[in-house]
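Structural overview for review
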Amino acid sequence: MSEKTPLLHYRLSSNTAGSDRAVGVTVETSPSVSREAVEKPSKKLSTFFGVIMPTVLSMFSVVLFLRIGFVVGHAGLYQSMLMFFIAYLIITMTVLSICAVSTNGALDAGGAYYMISRALGPEFGGSIGIMFFFANICGCALYVLGLVEAVTVTFGVSEGLKKDATGLTYSYHVLPVGYWWCLLYGSGILLLCLVVCLVGAHIYARATFLIFLIVMTVLSSIFVSFFIVGPRTVVLPGACANSTLPARANYTGFKMETLLGNLWANYEVDYTTGSMMTFATVFAVMFNGCTGIMAGSNMSGDLKNPSYSIPRGTLTAVVFTFITYNLLAWFVSCTCDRLLLQRNYSFLSDINIWGPLVTVGIYSSTLSAAMSNLIGASRILFALSRDKLFSGVFAPASRTSEGGNPWVSVLISWSLVQVVLLSGKLNTIASIVTIFFLLVYAAVDLACLALEWASAPNFRPTFQYFTWYTCALGILGCLVMMFLISAIYASVSIAFMLVLLLLIHYLGPSSSWGYISQALIFHQVRKYLLMLDVRKDHVKFWRPQVLLMVANPRSSTGLITFVNDVKKSGLYVLGHVQLGELEVLPADPLQSCYDSWLSLVDHLNIKAFVSLTLADSVRHGIQHLLFISGLGGMRPNILVLGFYDDCSPKNNLQDCVFPISTLSLDRFSPAKAQKRIFHFPAVRSDKVGSEAARAKDLSNEEYVYVIADAVKMQKSVALARYFCSFSRSEVLAKGKPGQSGLFVDVWPLNLLRPDNAGYVDTCSLFLLQLACVLHMSHAWHQARLRLFLCVETGCCLEEAKEKLQRMLKDLRFTADVYTVPWDHVVVLHGQRQEMAGKCRFKAQTEGHKDRAIECVQNFPSNTTLLSDEYLCAVNLLIREHGDPPPAVRFLYLPRPPADTRRYASYLHQLDLLSRDLGPTLLIHGVTPVITTAL
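Now for a description of the structure that goes with this document.

Rules used in this analysis
Residues numbered from 1 in each chain as written. Predicted model: local features only at pLDDT ≥ 70, side-chain atom pairs only at ≥ 80, totals over all residues. Heavy atoms only, no water. Helix = DSSP H or I, 4+ residues; strand = E, 2+ residues; numbered from the N terminus. Buried < 20%, exposed > 50% of the residue type's maximum accessible area, 1.4 Å probe, protein only. Contact = heavy atoms within 4.5 Å. Areas by Shrake-Rupley, 256 points an atom, 1.4 Å probe, with all protein chains shown as cover. 1 Å grid on protein atoms, 1.4 Å probe; cavity = no way out; pocket = protein on both sides within 12 Å on 5 of 7 lines; lining within 4 Å. Points joined across faces, edges and corners; volume = space filled by probe spheres on them. Nonpolar A, V, L, I, M, F, W, Y, C, P; charged D, E, K, R; others polar. Patch = residues over 30% accessible without salt bridge, like charges linked within 9 Å, V, L, I, M, F, W, Y side chains within 5 Å. Salt bridge = Lys/Arg side-chain N within 4 Å of Asp/Glu carboxyl O. Phe/Tyr/Trp six-rings, centres within 6.5 Å; stacked < 30°, edge-to-face > 60°. Lys NZ or Arg CZ within 6 Å of the ring centre and 35° of its normal. Expected span 1.5 Å × (residues − 1). Arc of directions from axis to C-beta. Polar contact = N/O pair within 3.5 Å; in protein donor to acceptor, adjacent residues only side chain to side chain. Pairing = 2+ DSSP bridges. Core = buried A, V, L, I, M, F, W, Y, C linked by side-chain atoms within 4.5 Å. Axes fitted to C-alpha atoms, helices over the stretch in contact; angles between N-to-C directions. Parallel < 35°, antiparallel > 145°, perpendicular 65-115°, else oblique.

Some points on the overall build of the chain
Of regular secondary structure, the chain possesses 30 helices and 16 strands. Among the 934 residues that make up the chain, the fraction classed as buried is 51%. Nonlocal contacts in the chain, meaning residues at least 24 apart in sequence, comprise 81% of its contacts between residues at least 6 apart. Total accessible area computed for the chain in this model is approximately 44200 Å², and 60% of it derives from carbon and sulfur atoms.

Structure, rendered in structure tokens:
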């Protein structure tokens, strides 16, 4: 994305419908934005036709006509109103979240799936989308079978003609009844829904409008009937002459006695199921019919202005249905006695001015709900196919007609509904369908809550009437209702969603939608970094925070993986200095390098940050990184450098090739290959001719200057040598049973100052701490630490060993202690001291004062008295006491000399000391890191 390709260009082009040429806007198309490409203009729906009508019809469904008496009859007026208030409170919280998310940008096809996936990412959105798709499929089948059942109850005939309690027969019972007949009726109804949806959303809106008019007419007749129809006696269904149960109930009209009798709850056995009703069961049944708030959102791709229509249309539908339900509950409580409400759920047709009109309303609302679920399922499937979350699995569903109708998605949805119809009765899955819808509502609330908590500047919805409290309340309400309806089905649904989420996360392709998790992590990390006060640092809670300087990752993979084991949950930064000056370059050359470095981090499976800098010298670049790396209380306290020597680096980083077909869900496309290329320069040993002869990027003096700079900045320093051929897997394999064993050797003495061979200074304890940290890591837990103590003959070996062991015990440090006599090595250092003393004495006795001063300046510290013979002897001593060979050695790194003229000699001494020792860390610590206090 650049200045020439702004983020909103495809939205503007799709909404202007060809007006771009008039204003001089150039529309760029690419595969990544193909779903937003400019399509042929098609007819779009308004707020009323696209949102209000389908939402009202879905929220009414059959509850309005068949379950209002059930609710009031068992729960009473007070508890009924409480139920409606709780249900609509939960629904309203979700509607507020829908309004907020839908007004935060241009909304495309897919409704709830589109909102959730763009807010929470492809994993969460894809899993919820699949569940929402199947919920609409099963919901469509449920409404179709419900309509079939209603038709067969009214017109079906089985075992002769039906008779009522008076012995009269119903001559209109003419339809044969049976499994195959019901399947035939259901298939016919579903075929009608298919034809409407295949023609397109415009015809669907017209059909919905016709049904809406019918339902409103029926609803008006019901309200008018309460004032026109006088008191009457209603025959209860299922009554017979031999039954002891009442056969009739009364419709009294508006009476205070009737209202007083219906105010309080009176839960009885449901005459249709034989189960005892409770507040929870009645509430669950009532809530099942009020979960149609997504019907308008599902049509987002067919709306003229989804961001305008969805919030206004959905809120209007919610308010209208809430008022209607409460008015109907009041009228029913004032006019119908309790027996009529509890024993006849279809009583509205018996008290209507024309009874068959209510039956028509039931049929119409159910048919509308079935069509709404079918077209909603097709739109969700279409959105899933265009997002390619499941690669080629849903590829055919992305085909559309010239008018933009996804006819293949409609056919696939219809075929799945037809399969579900084969089950005959859907009472067993009715609850899980509702739970699926509730889970989607909770996900929408979660999406809005996450966007609100992330505090992203681009989350600024035009709908402002929501807070994170409403989102959290919506989530809580949906989860409570899920487990109230069925704890088992709720648990199964959540588990199914998690399985889909993990499947998409590990096997699905990456997306460019953005991940809300990144925004939330940023928000929380920023908050906690501000709370991380460096003034409250304490040695008890010290941990290594490492800045590893990497010249070329191709030859440093062994060191990178090793340092990852040493960090102990601390900060780990991979630093790199690229030589150059920005003022002479056309652009920042580092921006194109980050992808390769981050791919390296993923490839090596390490937990590290990457920090790159551009500088005129390596020294200045490392100074920059030491100053600016990290943030707040998380800053590097250890600088790790590769050793400055002439070893030829090896290329340990091979470009890998991974077949896509083994890593995706696409089983229908031919196998492809994707090569991961690390754009790092070739190592020196791979270069030929003049490139091979090119000097290093820094001199040996500059290398020591870098060490001295880090020490001045109170950063500990570690020099890593012979890690070019370090293989972590091969080294750790030695710790397995039957192998030679995994050892880590620690030499905590300053071997360059044998006259001051102590092991309780800051640097020695720092060395012990890092070795202990390495041993504490899970991979190195089987390693045995070997601690070597160099002593002279005048000292008691056992006493020195016991003293060191007591100190290790106080420090909770487990290691095998070995005493190493080194008199034959120290004597070599003593000879050099004697020669230096004679030089100074001779200069002073002969009167050469200037020469004496020069001798003193040339030997400013004891380290300058080290001969190559002494250093080679120390090196040999270390190698002789390394059997079996250790995986890594920890050595004491002396501080660089104050005299910069001695830097080359200092580096030469380190070279002789660590030559041919295998993987070695020379460590210099500058801060206390160990305490014995609690």
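Structural notes on empty space enclosed by the protein
The tally for this structure, following the rule as stated, stands at 2 cavities of 30 Å³ or more. As for the largest cavity, its lining consists of V546, F562, V563, V566, I638, V640, A718, L770 and L921. Looking at the lining of the largest cavity, the elements with two or more residues in it are α20 (557-566) and β8 (638-642). The element contributing the most residues to the lining of the largest cavity is α20, with 3 residues. Residues that form the lining of the largest cavity fall into these classes: 9 nonpolar, no polar and no charged.

As for a nonpolar patch on the surface
A surface patch of nonpolar side chains, amounting to about 520 Å² of accessible area, comprises L82, F85, L89, L473, L476 and V480. Following the sequence through the fold, L89 ends up in helix α4 (residues 63-102). Of the residues examined, L89 reaches a relative accessible area of 31% and is grouped as partly exposed.

What to know about the pattern of salt bridges
As a working rule, side chains carrying opposite charge can pair if their charged atoms are close by. A full pass over the atoms with the stated rule returns 9 salt bridges. R901 serves as the salt-bridge partner of D899, at 3.2 Å between the closest nitrogen and oxygen. D899 gets classed as buried once you look at its relative accessible area, which sits at 18%. With a relative accessible area of 60%, R901 lands in the exposed category.

Overview of the packing of aromatic side chains
Counted under the stated rule, the structure contains 37 aromatic pairs. Look at F562 and F726: their rings are 5.7 Å apart centre to centre, the planes differ by 75 degrees, and that puts the pair in the edge-to-face class. On the criterion of sequence distance, the pair formed by F562 in helix α20 and F726 in the loop between β11 (716-721) and α24 (728-733) is long-range, its members being 164 residues apart. We classify F562 as buried; its relative accessible area is 0%. Residue classification places F726 among the buried residues on the basis of a relative accessible area of 7%. Three or more aromatic residues joined by ring pairs make a cluster, and in this case those are F60, F84, Y88, F320, F322 and Y325. Seen from the ring of Y528, K527 lies directly overhead, with NZ or CZ sitting 5.4 Å from the centre. Its end group placed over the ring of F743, R786 keeps NZ or CZ at 4.5 Å from the ring centre.

Section: helix α17 (residues 468-485)
For α17, spanning 18 residues, the distance from its first C-alpha to its last is 26 Å, which sits close to the expected 26 Å at 1.5 Å a residue. Buried within α17 we find T470, C471, G474, I475, G477, C478, M481, M482 and I485. One side of α17 holds all its buried residues, which, seen down the axis, span an arc of 165 degrees. Looking at α17, the residues exposed on the side facing more than 90 degrees away from the buried face are Y469 and L476. At the N-terminal end of α17, a side-chain oxygen is found 3.2 Å from the backbone nitrogen of Y469, two or three residues along, and the residue is T467.

Points about the pairing of β11
Along β11, 6 of the 6 residues are buried, which leaves the element largely enclosed by surrounding structure. Of the two faces of β11, the one holding S716, A718 and A720 and the one holding V717, L719 and R721 are both buried throughout. As paired elements, β8 and β11 share 5 bridges and run parallel to each other. Residue L639 lies in a different strand from β11, and its bridge partner there is V717. Here β11 pairs with strand β16 (residues 920-924) via 5 bridges, running antiparallel. Bridging from a neighbouring strand, R721 pairs with T920 of β16.

Regarding the nonpolar core
Among the nonpolar cores identified, the biggest contains 162 residues, and F226, I293 and M294 are the most heavily contacted of them. Broken down by element, this core gets its largest block of residues, 21 residues, from α4. If sequence neighbours within four positions are ignored, M294 has contacts with I98, A112, F132, V440, Y441 and V444. By size, the runner-up hydrophobic cluster in this structure holds 113 residues, among which are I560, V706, L877 and I878.

A word on the side chain of H775
Relative to the assigned elements, H775 resides in helix α25 (residues 762-776). When neighbours within four sequence positions are excluded, H775 is seen to be in contact with W780, H781, A783 and L785.

Comments concerning the packing of α20 against α25
Two elements in contact, α20 and α25, have axes whose closest approach is 7 Å; the angle formed by their N-to-C orientations is 95 degrees. By the angle class used here, α20 and α25 are roughly perpendicular. Residues F562, D565 and V566 of α20 pack against L770, V773 and L774 of α25. Across the contact of α20 with α25, the residue classes break down as 5 nonpolar, no polar and 1 charged.

Comments concerning helix α5 (residues 112-120)
Most of α5 is tucked away: 8 of the 9 residues are buried. One or two residues past the end of α5 sits G121, with phi positive at roughly 105 degrees.

Notes on the sheet that holds strand β7 (residues 609-615)
In space, the 10 strands of this open sheet follow the order β7-β6-β5-β8-β11-β16-β15-β12-β13-β14, with mixed pairing throughout. If you trace the sheet from one side to the other, it starts and ends with β7 and β14 (816-821), each paired once. Direction aside, neighbouring strands of the sheet carry axes that sit 25 degrees apart on average. Bridging between strand β5 (residues 546-549) and strand β6 (residues 572-579) involves 4 bridges; their strand directions are parallel. Residue L547 lies in a different strand from β6, and its bridge partner there is V573. In this fold α20 packs onto β5, β6, β8, β11, β15 (888-892) and β16, with an angle of close to 145 degrees to the strand it touches most, β6. Sheet strands touched by helix α23 (residues 700-712): β8, β11 and β16. Its angle to β8, the strand with the most contacts, is close to 170 degrees.

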